[in-house]
Amino acid sequence: MHLSRTPALAAVAASLVVLSAAAATASPGDAAGQGKDGHYRFAVIGDLPYGDAQVAALPRWADQINATPDLSFTIHVGDIKNGSSKCTNEYFSMIRTQFDRFTMPLVYSPGDNEWTDCHRTNNGTYNPLERLSAIRSTFFDRPGHTLGTDMTVASQAAAGFPENVSFRRQGVDLATLHVVGSNNGLLPWPELGHTSPTPEQVAEERARMDSAVAQVRSAFAGARQRHDRAVALFLQADMFDPTYAVTWADDSAFQPLVRELVTQSDAFDGEVYLFNGDSHVYNSDKPLAAGSRWLDFYGVQGSADNLTRVTVDGSSNNTDFLEVTVNRPGAEHVLSWQRVPYTS
């Protein structure tokens, strides 16, 4: 997350998303009872809560999502705090408690604010790799199971990445990718005395990116084998951020994933969707379609005309959640969605 976009957070309170398109993700099999064609809905949120007011509002927002008819699950695409607040165990535990209030399965994919950026003085000058371990132990203590209401999902826990999960519903393959802002965690940690990425930092990023690429390959392989309608991927990082002049130093780490997205999407007959947070401003576009500047930026051959990217509102723009509908076969697109304002 870009620090200039994140409000300050003081003490943590005790109590604590119309457009259309297509989607999917992959995993070994269907969630129970969902093999038949039909439609269902789910929510996507991210970059929340940011600051005291949003921490206090989180229970009400969860209650609203819980009360929304026909939602099957919620996916949080990362950043459970802003970029200028402490990365404490107490804060993580408080957010876990709120996530467990969801009366539907909640799938959470970490963001940079809760671990990669914790070296900052105003974050507590933590070692980010230690905070990553804390995030995993707090939120992924039951690998293969969601937060909120329990749902079984496939996970990469055996490879050391329990946060990367996948599942399939009615011809749509869904998967999370632990890929974050701050150049996927490669920005230096000057507060810890490092002006360039440490060997441990580089090794962690490479392993995590390799796992994300493997997750993408697995999702598409399953979708092709089953002749599924769509693949939907969820991650924190905005790899195609339109809100500022991105440089290679900002986004170089994302190149392997972008290449894989083009390769796999081009070989898939269905629709592909990529949901992210990070840049905080709702957006829907086709960043890897023929002629896109991002193909040149990442030095990628080919294109992915069937990939639609959706950014959810977050930070100070977090006034709504994204309600996504998986449409029945025969609709113009597999997915359609609308931003649903929070009522309190």
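Keep in mind it's a predicted model, so treat the numbers as computed, not measured.

(A) Focus on the overall build of the protein. When helices and strands are tallied, the protein shows eight helices and 14 strands. Across the 344 residues that make up the protein, the buried fraction comes to 62%. Of the roughly 12600 Å² that the protein leaves accessible, carbon and sulfur atoms contribute 51%.

(B) Summary view of the nonpolar core. In this structure, V179, L233, M239, L257, L261 and L288 are the most contacted members of the largest nonpolar core, which totals 32 residues. Sorting elements by how many residues they give to this core places helix α5 (residues 199-226) first, with seven residues. The contact partners of L257, leaving out residues within four places of it in the chain, are L177, V179, M209, V213, V216, L235 and M239. In terms of nonpolar packing, the next biggest core, distinct from the first, is built from 30 residues, A43, Y108, I135 and F140 among them.

(C) Here's a closer look at the sheet that holds strand β9 (residues 230-235). Taken in spatial order, the seven strands of this open sheet run β6-β7-β8-β9-β10-β12-β11, and their pairing is mixed. Lying at the two open borders of the sheet, with one neighbouring strand each, are β6 (154-156) and β11 (283-285). Here the strands of the sheet are splayed against their neighbours by 15° on average, with no regard to which way each runs. Of the strand pairs in this sheet, β9 and strand β10 (residues 271-276) are connected by six bridges, and their pairing is parallel. Across the sheet, A230 pairs through a bridge with E271, a residue of β10. Of the strands in this sheet, β6, β7 (161-169), β8 (172-176), β9 and β10 touch α5, which is tilted by about 15° from β7.

(D) Broad picture of the side chain of E271. Checked against the element boundaries, E271 lands in strand β10. Look at E271: it is buried, it has no salt bridge, and the nearest opposite charge is K286 at 7.2 Å. At 2.9 Å, the side chain of E271 forms a polar contact with the side chain of H333.

(E) Molecular detail of helix α3 (residues 128-139). With twelve residues, α3 extends 16 Å between its outermost C-alpha atoms, agreeing within 8% with the 16 Å of an ideal straight helix rising 1.5 Å per residue. One side-chain oxygen of the residue at the start of α3 lies 2.8 Å from the amide nitrogen of L129, identifying that residue as N127.

(F) Seen up close, the state of the cysteines. This structure, assessed with the given rule, holds one disulfide. Across the disulfide from C87 sits C118; the S-S distance is 2.0 Å. Between C87 and C118 the disulfide shows an S-S torsion of about -90°. By sign, it is left-handed. In this pair, C87 sits in the loop between β3 (71-76) and α2 (89-99) while C118 sits in the loop between β4 (105-108) and α3, placing the two residues 31 residues apart along the sequence. Exposure remark for C118: the relative accessible area of 0% places this residue in the buried category.

(G) Representation of the environment of D63. By secondary structure assignment, the location of D63 is in helix α1 (residues 52-67). In this structure, the C-alpha to C-alpha distance between D63 and T103, residues 40 residues apart in sequence, is 8.7 Å.

(H) Focus on the packing of α1 against α2. Interhelical geometry of α1 versus α2 gives an angle of 20° and a closest axis separation of 10 Å. By the angle between their axes, α1 is roughly parallel relative to α2. Of the residues in α2, those in contact with V55, L58 and P59 of α1 are Y91, M94, I95 and Q98. When grouped by side-chain class, the residues that make up the contact of α1 with α2 number six nonpolar, one polar and no charged.

(I) Representation of the pairing of β9. Within β9, six of the six residues are buried, which leaves it mostly tucked inside the rest of the structure. Both β8 and β9 contribute to a ladder of five bridges, which runs parallel. Paired with T176 across the two strands is F234, which belongs to β9.

(J) Focus on the packing of aromatic side chains. Under the criterion given, the structure shown has 22 aromatic pairs. Ring centres 5.9 Å apart and planes at 55° place the aromatic pair F99 and F139 in the tilted group. Placement of F99 in helix α2 and of F139 in helix α3 is noted, with a sequence separation of 40 residues between them. Of the two residues examined, F99 and F139, each falls in the buried class. Plain terms: the ring middles of F321 and Y342 are 5.9 Å apart, the flat faces sit at 40° to each other, and that makes the pair tilted. Highlighted residues: F321 in strand β13 (residues 320-326) and Y342 in the segment after β14 (335-341), separated in sequence by 21 residues. Of the two residues, F321 and Y342, neither departs from the other in class, the shared state being buried. By the ring-pair criterion, three or more aromatic residues cluster together here, those being Y40, F42, F73, F167, F234, Y273, F275 and W337. The ring of Y40 has R169 lying over it, and the distance from NZ or CZ to the ring centre is 5.4 Å. The ring of W294 carries the charged tip of R293 above its face, separated from the ring centre by 4.0 Å.

What counts, and where the lines are drawn
Along each chain, the written sequence defines residue order, and numbers are assigned to residues from 1. At least 70 in pLDDT is required for a residue's local features to be given in this predicted model, at least 80 for side-chain atom pairs to be given and counted, and no such filter applies to totals for whole chains, interfaces and linings, which use all residues. Only heavy atoms go into the side-chain values, all of them from the structure, while hydrogens and water stay out. For the purposes of this entry, the term helix denotes a DSSP run of H or I that reaches at least four residues, the term strand denotes a run of E that reaches at least two, and both are numbered from the N terminus. We call a residue buried when its accessible area falls under 20% of the maximum for its residue type, exposed when it is over 50%, and partly exposed in between, using a 1.4 Å probe and counting protein chains only. Computed with the Shrake-Rupley method and a 1.4 Å probe, the accessible areas treat only the protein chains shown as cover for residues. Within this scheme, the nonpolar core is defined by two criteria: the residues are buried Ala, Val, Leu, Ile, Met, Phe, Trp, Tyr or Cys, and they are joined through side-chain atoms within 4.5 Å. In this description, contact between two residues means that some pair of their heavy atoms is separated by no more than 4.5 Å. Only strands joined by at least two bridges in the DSSP assignment are considered to pair. Lines are fitted to the C-alpha atoms to define the axes, a helix being fitted only along its stretch in contact, and any angle between axes, read from their N-to-C directions, falls within 0 to 180 degrees. Charge convention: Lys and Arg are scored as positive, Asp and Glu as negative, and His as well as the terminal groups of each chain are ignored. Between Lys or Arg on one side and Asp or Glu on the other, a salt bridge is scored when a side-chain nitrogen of the former is within 4 Å of a carboxyl oxygen of the latter. For the purposes of these results, a polar contact is taken to be a pair of N or O atoms within 3.5 Å, where, inside protein, one atom must be able to donate a hydrogen and its partner to accept one; residues adjacent in sequence count only when each atom of the pair is a side-chain atom. What a helix should span is 1.5 Å times the count of its residues minus one. Cysteine sulfur atoms that pair up within 2.5 Å are treated as a disulfide. Small angles under 35 degrees read as roughly parallel and large ones over 145 as roughly antiparallel, with 65 to 115 read as roughly perpendicular and the rest as oblique. The nonpolar class holds Ala, Val, Leu, Ile, Met, Phe, Trp, Tyr, Cys and Pro. Asp, Glu, Lys and Arg form the charged class, and all remaining residues, Gly among them, are polar. Pairing of aromatic side chains here covers Phe, Tyr and the six-membered ring of Trp, requires ring centres within 6.5 Å, and sorts the geometry by plane angle: under 30 degrees stacked, over 60 edge-to-face, intermediate tilted. A ring has a charge above it when a Lys NZ or an Arg CZ is no more than 6 Å from the ring centre and no more than 35 degrees off the ring normal.

Read these as spatial facts, not as claims about activity.
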